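# Structural overview
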Amino acid sequence: MAALVRKAVFPVGGLGTRFLPATKALPKEMLPIVDKPLIHYAVDEARAAGIEEFIFVTGKGKSAIEDHFDHASDLDAMLRSRGKAEAADELNSWVPAPGKVAYTRQQEPLGLGHAVWCARHFIGDEPFAVLLPDDIFLADVPCLKQMVDAYSGRGGMVAAETITGPDISNYGVLDVAKDQGSVVSVRGLVEKPSPADAPSDLAVVGRYIMTPKVFEYLDRKETGAGGEIQLTDALSWLAVEEEFAGIRIDGERFDCGTQAGYLRANVAFALQRDDLRDGLKSYIRTLDLGA
Ligand code: UTP
């Protein structure tokens, strides 16, 4: 049986202003967690969920992402000539097969909804996933796989996380119709509400499944919070048109769009590595961490 969700969109057209000056010449999505770029984690996660086609919505200054997912024949030859065939094979092992990766360009970063709309001609008539590379997860079952496993094949679904306190205003927030435990049914979403206006404490984190019906709304190019074309507004419309669910993700999420989240992710992912764990732990033990 063919997988229910075969295509994934990776919006990578944003400016990454919160990481300047690092992102002046380097795409934010290429910042490494330990030694692997953020976008690479998102692509690995998509593949683990059964995604077969990878669609990147890029922008000005993002060509390093295309190069990263392409064969590098010079590097390959150089590694082999130096007896590092294993490293060369590893580098080739995750490059998407020809015709399975597509790039389209968002000429101006008008918002996440606009970025997804730019991918519309690649989608056809089937549900698709959207992964924001800023959010990465440490989870036994990768985040998108948890979603695909719970997805009925109809309507939309978002990854959700409980956020307490004023930070809820940094997120799209779910208006919950019925809470069924790990999955909730959703009647609407609100982008960046004030804490008093937040319809719940369940926030959307950077993984989505949606149907191409979303393009009917995005075609209108309506702007929302911050003057941007918001994906949250399109999904809120979709939640009225179709069944729509949120799923509480089992695992730890790191918001690598902020410096604090990015640093935490580097420590947490390094501690997962057999070659780094002991050295890092010994270093941390030498630190005077105060109270
Ligand atoms: P963010 O809003 O976190 O990224 O979007 P940003 O705008 O690049 O970062 P800051 O706020 O200026 O630091 C999350 C994801 O959506 C993409 C970004 O590239 C990022 O991967 N995005 C955002 C687009 O592709 N296009 C947009 O217009 C906006």
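Note: the structure precedes this text.
Summarised in this report is the structure supplied together with it. Source: prediction; values computed, not measured.

What follows deals with the overall build of the protein chain. Counting secondary structure elements, the protein chain contains 11 helices and 13 strands. Relative to a compact globule of 291 residues, whose C-alpha radius of gyration would be 19 Å, the protein chain shows 20 Å and is just as compact. The principal-axis extent of the C-alpha atoms belonging to the protein chain is close to 60 × 55 × 40 Å. Put simply, the protein chain has 291 residues, and 47% of those count as buried. Taking contacts inside the protein chain between residues at least 6 apart in sequence as the whole, the part at least 24 apart equals 76%. When the accessible surface of the protein chain is summed, it comes to about 14500 Å², and 51% of that surface belongs to carbon and sulfur atoms. Across the protein chain, the mean location of the 31 positive side-chain charges is 2 Å away from that of the 43 negative side-chain charges.

One can find Ser-185 in strand 10 (residues 183-191). Taking the C-alpha atoms as reference, Ser-185 lies 9.2 Å from Leu-174; in sequence the two are 11 residues apart. Excluding residues that lie within four positions of it along the chain, Ser-185 makes contacts with Asp-175, Val-176, Ala-177, Lys-178, Gln-180, Phe-244 and Ala-245.

Once that is clear, we can look at the pairing of strand 11 (residues 202-210). Successive side chains on a regular strand alternate, one facing one side of the sheet and the next facing the other. With 9 of 9 residues buried, strand 11 lies mostly within the body of the structure. Sheet topology note: the strand 6 (residues 128-131)/strand 11 ladder contains 4 bridges and is antiparallel. Following the sheet pairing, Ala-129 is matched in strand 11 by Ile-209. In the sheet, strand 8 (residues 156-162) pairs with strand 11 via 6 bridges, with the strands oriented antiparallel. Bridged to Glu-161 within strand 11 is Ala-203.

Before going further, it helps to examine the side chain of Gln-146. The residue Gln-146 is located in helix 7 (residues 143-150) in this model. There is a polar contact of 2.8 Å between the side chain of Gln-146 and the backbone oxygen of Val-141. For Gln-146, the side chain forms a polar contact with the main-chain oxygen of Asp-250, separated by 2.8 Å. Among all residues touching Gln-146, those that are not within four sequence positions of it are Ala-139, Val-141, Ile-247, Arg-248, Ile-249 and Asp-250.

Reading the values: rules and limits
Residues numbered from 1 in each chain as written. Predicted model: local features only at pLDDT ≥ 70, side-chain atom pairs only at ≥ 80, totals over all residues. Heavy atoms only, no water. Helix = DSSP H or I, 4+ residues; strand = E, 2+ residues; numbered from the N terminus. Rg over C-alpha atoms; globule rule 2.2 N^0.38 Å. Buried < 20%, exposed > 50% of the residue type's maximum accessible area, 1.4 Å probe, protein only. Contact = heavy atoms within 4.5 Å. Areas by Shrake-Rupley, 256 points an atom, 1.4 Å probe, with all protein chains shown as cover. Lys, Arg positive; Asp, Glu negative; His and termini not counted. Charge placed at Lys NZ, Arg CZ, Asp CG, Glu CD. Pairing = 2+ DSSP bridges. Polar contact = N/O pair within 3.5 Å; in protein donor to acceptor, adjacent residues only side chain to side chain.

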